[in-house]
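Residue-level structural notes
What follows is each chain in one-letter form.
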Amino acid sequence: MGNLFWKIFLWFWLTLILIAGAVSWGTAIYLQNSDAYQQRDLRSRYINNRIELLRQVIYYGGEEAASDVLENKRLSSRRTTIYVVDNNNKDILGRSIDMDNATLQKHEPVEATDGETYQIYSTQRPRTRNTLTRMLRPFQRSPGIYLVWLAIAILLSGLVCFGLAQYMSRPIRKLQVAAKKLSQGQLDTRVSDSIGNRRDEIADLGQDFDLMASRLQSLVNNQKQLLSDISHELRSPLARMQLAVGLARKKLGPDVSTEMERIEQETERLDELVGQSLTLSRLDAGAVYAKDDFIDIGELLESIINNCDFEATEQKKKVVLTIDNSWTILANGELLHRALENIVRNAIRYTEVGTRVEVNLNQQDKTHFKITIGDQGPGVPENKISGLFEPFVRLSEARDRDSGGYGLGLAIAKRAIEFHKGTISASNKSTGGLLVEVILPLGEVQK
Amino acid sequence: MTEDTTINTKENDQKSKVLIIDDDVELCGMLAEYLESEEFSVDKVHDGVAGVTQAQAKKYDAIVLDVMMPKMDGFSVLRELRPTNVTPVIMLTAKGEDIDRIVGLEMGADDYLPKPCNPRELVARIKAVLRRTQLAPPIQDEIKTGELVIMPKSRKAFNADTELPLTSSEYNLLEVLARQVGQVVDKETLSEQALGKKLTAYDRSIDMHMSKLRQKLGDDDQQLIQTVRGMGYQLTSK
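Since the structure is predicted, the reported quantities are computational estimates derived from the model, not experimental observations.

A closer look at the domain arrangement of chain B
All names here are of chain B.
- For chain B, the domain assignment lists domain 1 (2-135) and domain 2 (143-235).
- On a C-alpha basis, the centres of domain 1 and domain 2 stand 29 Å from each other.
- Counting residues at the interface gives 5 residues for domain 1, matched by 10 residues for domain 2.
- Here domain 1 packs against domain 2, burying approximately 710 Å² in sum over the two surfaces, 52% of which is carbon and sulfur.
- Taken together, domain 1 and domain 2 are joined by 0 salt bridges.
- At the junction of domain 1 and domain 2, the tally comes to 0 residue pairs in polar contact (both at pLDDT 80 or more).
- No other element matches helix 4 (residues 101-107), which puts 4 residues into the side of domain 1 that touches domain 2.
- Along the lines of polarity and charge, the residues of the side of domain 1 that touches domain 2 split into 2 nonpolar, no polar and 3 charged.

Remarks on the sheet that holds strand 2 (residues 105-111) of chain A
Residue and element names in this part refer to chain A.
- Strands sit in the order 1-3-2 across an open sheet of 3 strands; the sheet is antiparallel. Every other strand in the sheet has two partners, leaving strand 1 (80-85) and strand 2 as the edge strands with one partner each. When the angles between neighbouring strand axes are averaged without regard to direction, this sheet yields 20°.
- One ladder, built from 5 bridges, connects strand 2 with strand 3 (residues 117-124); its direction is antiparallel.

Structural notes on helix 7 (residues 297-314) of chain A
Residue and element names in this part refer to chain A.
- For helix 7, spanning 18 residues, the distance from its first C-alpha to its last is 26 Å, which sits close to the expected 26 Å at 1.5 Å a residue.
- The axis of helix 7 is deflected most strongly, by about 35°, at Cys-308.
- Every buried residue of helix 7 is accounted for by Ile-297, Gly-298, Leu-300, Leu-301, Ser-303, Ile-304, Ile-305, Cys-308 and Ala-312.
- For helix 7, the capping residue at the N-terminal end is Asp-296, with a side-chain oxygen 3.1 Å from the backbone nitrogen of Gly-298.
- Immediately beyond the C-terminal end of helix 7, within one or two residues, lies Lys-316, with a positive phi of roughly 60°.

Some remarks on the packing of aromatic side chains
- Within this structure, the stated rule accounts for 9 aromatic pairs over all chains.
- Summarising the aromatic geometry, the rings of A:Phe9 and A:Phe162 are spaced 5.9 Å apart at their centres and angled 90° between planes, so their arrangement reads as edge-to-face. Here A:Phe9, found in helix 1 (residues 3-71), pairs with A:Phe162, found in helix 3 (residues 143-183); they are 153 residues apart in sequence, far enough to count as distant.
- Its relative accessible area of 36% is what places A:Phe162 among the partly exposed residues.
- A ring pair is formed by A:Tyr289 and A:Phe419, whose centres lie 5.9 Å apart and whose planes are at 80°; its orientation type is edge-to-face. Here A:Tyr289 is found in the loop between helix 6 (257-284) and strand 4 (293-296), whereas its partner A:Phe419 is found in helix 10 (residues 409-419), with 130 residues between them in sequence.
- For A:Tyr289, a relative accessible area of 7% translates into the label buried.
- Members of the aromatic cluster, each reached through a chain of ring pairs, are A:Phe5, A:Trp6, A:Phe9, A:Trp13 and A:Phe162.
- The ring of B:Tyr34 carries the charged tip of A:Lys250 above its face, separated from the ring centre by 5.0 Å.
- The residue whose ring lies beneath A:Lys291 is A:Phe419, and the NZ or CZ to ring-centre distance is 4.9 Å.

What to know about the side chain of B:Arg125
Residues and elements named next belong to chain B.
- Within the element layout of this structure, Arg-125 appears in helix 5 (residues 119-135).
- For Arg-125, the side chain forms a polar contact with the main-chain oxygen of Tyr-112, separated by 2.6 Å.
- Apart from the residues lying within four places of it in its own chain, the contact partners of Arg-125 are Ile-90, Asp-111, Tyr-112 and Leu-113.

Considerations on the environment of B:Pro83
All names here are of chain B.
- With respect to the secondary-structure elements, Pro-83 resides in the loop between helix 3 (74-81) and strand 4 (89-94).
- Judged by its relative accessible area of 59%, Pro-83 falls in the exposed class.
- C-alpha of Pro-83 to C-alpha of Pro-119: the two residues are 36 residues apart in sequence and 29 Å apart in space.

Observations regarding the interface of chain A and chain B
- With 38 residues of chain A at the interface, the matching set in chain B holds 32 residues.
- A buried area of about 2900 Å², summed over both sides, lies between chain A and chain B, and 57% of it is on carbon and sulfur atoms.
- The largest contributions to the chain A side of the interface with chain B come from A:Arg240, A:Leu243 and A:Phe294, which together make up 23% of the buried area.
- At the boundary of chain A and chain B, one finds 7 salt bridges.
- Between B:Glu38 and A:Lys250 there is a salt bridge; the shortest N-O distance is 2.4 Å.
- Of all the secondary structure elements, the ones that give two or more residues to the side of chain A that touches chain B are helix 5 (201-252), helix 6, strand 4, helix 7 and helix 8 (333-350) of chain A.
- Looking at the side of chain A that touches chain B, the element that brings in the most residues is helix 5 of chain A, giving 14 residues.

A few points about the sheet that holds strand 5 (residues 318-323) of chain A
All names here are of chain A.
- The strand order 5-7-8-10-9 describes an open sheet built from 5 strands, whose pairing is mixed. Edge positions in the sheet fall to strand 5 and strand 9 (423-428), since each has one partner strand and no second. Averaged over all pairs of adjacent strands, the angle between their axes in this sheet comes to 15°, without regard to strand direction.
- For strand 5 and strand 7 (residues 356-363), the ladder comprises 6 bridges, and the chain directions are parallel. Note that in strand 7 the partner of Leu-321 across the bridge is Val-359.

Focus on the nonpolar core
Residues and elements named next belong to chain A.
- With 46 residues, the main nonpolar core has Ile-297, Leu-336, Ile-343, Val-344, Val-359, Phe-369 and Ile-371 as its most contacted residues.
- Of all elements in the fold, only helix 7, strand 6 (328-331), helix 8, strand 7, strand 8 (368-374), helix 10, strand 9 and strand 10 (434-441) reach the threshold of two or more residues within this core.
- A per-element tally of this core places helix 8 first, with 8 residues.

The rules behind each value
- Note that residues are indexed from 1 along each chain, following the sequence as it is written.
- As a convention, the first chain written is A and the first ligand written is 1, with the rest following in written order.
- Where local features are concerned, this predicted model is filtered to residues with pLDDT of at least 70; where side-chain atom pairs are given and counted, the filter is 80 or more; whole-chain, interface and lining totals use all residues.
- The side-chain quantities take in all heavy atoms of the structure and omit both hydrogens and water.
- Each domain's extent was defined by an automatic or database domain assignment.
- In this analysis, two residues are considered to be in contact whenever any of their non-hydrogen atoms come within 4.5 Å of each other.
- Note on definitions: buried area is the accessible-area loss of two parts on being combined, 1.4 Å probe, summed for both.
- Each salt bridge in this description consists of a side-chain nitrogen of Lys or Arg and a carboxyl oxygen of Asp or Glu lying within 4 Å of one another.
- Whenever a nitrogen or oxygen atom comes within 3.5 Å of another N or O atom, the pair is scored as a polar contact, on the condition that within protein one atom can donate a hydrogen and the other can accept it, and that pairs from neighbouring residues in sequence are kept only if both atoms are in side chains.
- Secondary structure elements are defined from DSSP: runs of H or I of at least 4 residues count as helices, runs of E of at least 2 residues count as strands, and each element is numbered from the N terminus.
- Charged means Asp, Glu, Lys or Arg here, nonpolar means Ala, Val, Leu, Ile, Met, Phe, Trp, Tyr, Cys or Pro, and polar covers whatever is left, Gly included.
- At least two bridges found by DSSP between two strands is the condition for calling them paired.
- Axis definition: a line fitted to C-alpha atoms, limited for helices to the stretch in contact. Angles are taken between N-to-C directions and run from 0 to 180 degrees.
- Helix span is expected to be 1.5 Å times the residue number reduced by one.
- Working definition for bend: take the seven residues up to and ending at a residue and the seven starting at it, fit an axis to each, and measure the angle between the axes.
- To sort residues, take the accessible area from a 1.4 Å probe on protein chains only and compare it with the maximum for the residue type: under 20% means buried, over 50% means exposed, and anything in between is partly exposed.
- A pair of Phe, Tyr and Trp rings is counted when the ring centres sit within 6.5 Å of each other, with Trp represented by its six-membered ring. The angle between the planes then sorts it: under 30 degrees is stacked, over 60 is edge-to-face, the rest tilted.
- We call a charge positioned over a ring when the NZ of a Lys or the CZ of an Arg lies within 6 Å of the ring centre and within 35 degrees of the ring normal.
- Among the buried residues, those of types Ala, Val, Leu, Ile, Met, Phe, Trp, Tyr and Cys that are joined through side-chain atoms within 4.5 Å form a nonpolar core.

Here it is as structure tokens:
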């Protein structure tokens, strides 16, 4: 139930309730008004009847009888006041007449049998209730029943909106989950099947998503395949080259030995790079390496750091190892060694001259231990951190042009650590520099 | 492929004879030239089938065998050769590939080298293998010491007439120790010959396998297999 679900649900529901309310209200007012119209019609007929009656009374009974009729409450109306004015221009009941009253109506005068002529006027009192109370009147009649209907309407519309919101938000939620999976590297993620038999824009979106995913998958696979193929193809010429260099060295003698050494060195570098990219390809392809070496993690780190220390010292950098406890785990020694060595070498490369790289080994929880490698270098821009473990990533054109970028080291490290069911993550330290954290399971072997 | 086969037997009988089986013709040529300059006598063939024929036709001191070959790969060649042919074999494996060293050892490979490799490294390995095989006594059908009987051909070990349920690594360790019974075998040798890998400071595999082996031998007090601190292990002759 995501945000979208609630948004659709609540907005539709609210809209439905509002529309239903407005419609029923409007209808009620309309009905009432047409009712009122009829009533007004009735009313004027009623008044006319009254006045006709009064005229008869005046005609036959004169002023006295008229006074009786006017004073009789049962014959009077709350809203209509009838005045009978004699020849002296006075109301027979002595009431004063407001001649400016807008509702004042003059009726046909009557000449009584006694010869006197009477004028008849009537006034209407205005309605006392204001517009709002009039508008709310439909609801006031029987609030109990109305509330029940209201509750039923809200409930029903709620159910309908719930269904609608589900129908609309569920496939989008599925798409979102799929997109996330895809972004995390699960390139075989597809959604069409799980969206169901719909025929609408969302279904189209799902199909397009699948199309995109399969295209992405084939592109990534092609790229990986290309790297793997190139590396494979490079092996044979490289092997011949190494032999040729070896032979040349023998034939040429010591005169050109520096140059030969250089060629040999570069060949070895190429060889190393090819080996690395082949390892990466194999790990990416999910190849299984034997995990049959019992590795003492503390000793492994110590040996890596001893190897790197010479190099570091040359660059006026230091590597410091802190070990709380050590464990022996069943692993592929070569892969694990390469993974950790790559991370340490990377840290040495980027730490500032005169600073130190700190390597720590300690227990994470009952079943895992943690290795942290922190340098005092420039760190990595936050948005580039996730790309750090991709092959040949360059963090910034300017800075990495000299150093050649992060190459394959960290990419291999990540895959090798994951092969050992561990996790690797990188973050910028608050004090500056990059911190790489490796968490690995202890497995069954413990010491 | 016999036209590519160069046989130079007359030249020098003291030279170690090496057979190269690799499908890369140019590489073979250069490798032969390099090895010849290192005082080896070299023959070369370019596919597995010819390799098996050649290896059986002539007595070699060592065979350099490429694993990745069309038609018949290196492991198949090795399977054909063993156990009748005991010539030491150095396998050239494809770099970046993980090979099951233990399986290779069981099949009788003597060393591995990832290809491409530095030719100097290859020469060093060939020399090391030659040294090892020249020093080592010929493979016996049965090694007996005390109540232990080890049969290398069937890779079985018996203790007081009951077969020991050993893993490959444990068997290999026991066999290496038994061949030099009464002598201290250092960890480097044990690692290379029994586990097929170079010993590293952080690798506890030998200790681990050894402790399991002792359990299976009922050697809890470490009388049969003794630890010689700082040196290695020793199987006592009793």
